[in-house]
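# Summary of structural features
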Amino acid sequence: MAKVFLDNVTKRFGQVLAVDSVTLEIKDREFLVLVGPSGCGKSTTLRMVAGLEEITSGKIYIGDRLVNDVPPKDRDIAMVFQNYALYPHMDVYNNMAFGLKLRKFPKNEIDQRVKQASKMLGIENLLERKPKALSGGQRQRVAVGRAIVREPKVFLMDEPLSNLDAKLRVQMRAELSKLHRRLATTVIYVTHDQTEAMTMGDRIVVMKDGIIHQVGSPLEIYNKPSNAFVGGFIGSPAMNFIPVRLELDNEKWWLQTLNGLERMALPMEVGKRYGHLGDYLNQEIILGIRPEHLHIYNPTLHSLEHSLASVVEVREPMGAEIYLYVALQGGRPLVARVSPDCPVRTGENTRVVLDLNRCHLFDGKTEEIIG
């Protein structure tokens, strides 16, 4: 196995800057996920590691070896593509064995590796079938099996689950995670699905416009986003954002809605957490709060100081919970994740309570987290 190091790697397509000065170390045996919206540069980054895209500038190391000028076949990597890329005229056995045959492996070793990988993936009874006779999930397993038999230093996976239906995608997420633990190999995995990133990655790299915005463990990214983009991209439903004005009254911080109709008291502990909060006095900042930290006002449990008037626009039962889509005065939408016994109904006026101990405060101009 091997670590992978990208040193100030840039990729341009003509005048388009696809990847901008990315520096990143993927640890040996780590499952690292590159996540971001379409066009953010994650697949281009993966393809540069694979050697399928030539880098414009920078250096890429696999292990201790500089691979800038090493062709893909000699980089000791294996790639799993979104469309599986199986040979339609070959059966499963020969699809998995093809790369080893090209490298002139002995027949008995090829047979051993193919059978071992097929057993690991639960496809040993499919070895004589052609790809057209397989389901999407079975094809995906064959594509992974073809990578496994290579026993490469690094696995590269480019949105391998995006063609599967929702139920199978959940199943395959778990299977790929178990497979990684069993093989103890380095994996770089690309997805636009933040749920995949959160559930599979040891670490997540969040990208936008060719730039890395944050690198960290799933919980670190979720609980401590570095900016509003990361906070809004990671999490489902997405983080709520409310522009507010920061005020100080009787030695107490207040968050004033921009329409001037309501304000909320910021708990003292939260104010202490943000050392530079005073720099934003009487300025517009962005309040970020996740749906699970919103509640419907109950006078016996909540303070009015932490609530805002709202109207319920949509009630979406999810079984174990309900998503409430509410609108504040002025029309700003929020999503609350509440228990299934929540009594409010569509069209009802209510107050939504914000657990401000769990809020995030961002600079109103740069959208970076306030220090």
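A brief structural summary. Because the structure is a prediction, the values reported are computed rather than measured.

Moving on, we get to the packing of helix α2 (residues 92-102) against helix α3 (residues 107-121). Each pair of packed helices can be summarised by the angle the axes make with each other and by the distance between the axes. Between α2 and α3, whose axes approach to 10 Å, the crossing angle comes to 135°. Between α2 and α3, the crossing angle belongs to the class labelled oblique. Relative to α3, the crossing made by α2 is right-handed. Here α2 contributes Tyr93, Met96, Ala97, Leu100 and Lys101 to the contact with α3, which in turn contributes Ile110, Asp111, Arg113, Val114, Ala117 and Ser118. Residues of the contact of α2 with α3, tallied by class, amount to 7 nonpolar, 1 polar and 3 charged.

Another point: empty space enclosed by the protein. All chains considered together, the criterion is met by 1 cavity of 30 Å³ or more. One number sums up the size of the largest cavity: a volume of about 80 Å³. As for the largest cavity, its lining consists of 13 residues, and the residues nearest its centre are Phe155, Met157, Leu179, Leu183 and Val187. Mapped onto the lining of the largest cavity, the elements with two or more residues apiece are α4 (136-148), β7 (154-158) and α5 (166-183). Tallied by class, residues from the lining of the largest cavity come to 11 nonpolar, 2 polar and no charged.

A word on the side chain of His293. Inspection of the secondary structure puts His293 in the loop between β14 (284-289) and β15 (294-296). Apart from residues no more than four positions distant in its own chain, His293 is found in contact with Val353, Leu354, Asp355 and Arg358.

Along the chain, Cys359 falls in the loop between β19 (349-354) and β20 (360-363). Since its relative accessible area comes to 1%, Cys359 is described here as buried. With 70 residues separating them along the chain, Cys359 and Ile289 place their C-alpha atoms 4.9 Å apart. Once you skip the residues sitting within four places of it in the chain, Cys359 turns out to touch Leu266, Val270, Arg273, Tyr274, Leu287 and Gly288.

With mixed pairing, the 6 strands of this open sheet are ordered in space as β6-β7-β8-β3-β9-β10. With one partner strand each, in any of the chains shown, β6 (77-80) and β10 (211-216) form the two edges of the open sheet. Strand-to-strand twist in this sheet, taken as the mean axis angle between neighbours without regard to direction, amounts to 15°. Packing against the sheet, α4 makes contact with β6 and β7, and its axis sits at approximately 175° to β6.

All right, on to the pairing of strand β12 (residues 252-257) then. The element β12 is extensively covered by neighbouring structure, given that 5 of its 6 residues are classed as buried. Here strand β11 (residues 240-249) runs beside β12; their pairing, made up of 6 bridges, is antiparallel. Within β12, the position partnered with Glu247 by the bridge is Trp254. In this antiparallel pair of consecutive strands, β11 and β12, the connection spans 2 residues, and Asn250 shows a positive phi of 55°. Here β12 pairs with strand β13 (residues 263-265) via 3 bridges, running antiparallel. Paired with Gln256 across the two strands is Arg263, which belongs to β13. Count of turn residues in the β12/β13 antiparallel hairpin: 5 residues, of which Gly260 carries a positive phi of about 75°.

Reading the values: the criteria
- Residues numbered from 1 in each chain as written.
- Predicted model: local features only at pLDDT ≥ 70, side-chain atom pairs only at ≥ 80, totals over all residues.
- Heavy atoms only, no water.
- Axes fitted to C-alpha atoms, helices over the stretch in contact; angles between N-to-C directions.
- Helix = DSSP H or I, 4+ residues; strand = E, 2+ residues; numbered from the N terminus.
- Parallel < 35°, antiparallel > 145°, perpendicular 65-115°, else oblique.
- Left-handed = near helix turned anticlockwise from the far one by under 90°.
- Contact = heavy atoms within 4.5 Å.
- Nonpolar A, V, L, I, M, F, W, Y, C, P; charged D, E, K, R; others polar.
- 1 Å grid on protein atoms, 1.4 Å probe; cavity = no way out; pocket = protein on both sides within 12 Å on 5 of 7 lines; lining within 4 Å.
- Points joined across faces, edges and corners; volume = space filled by probe spheres on them.
- Buried < 20%, exposed > 50% of the residue type's maximum accessible area, 1.4 Å probe, protein only.
- Pairing = 2+ DSSP bridges.

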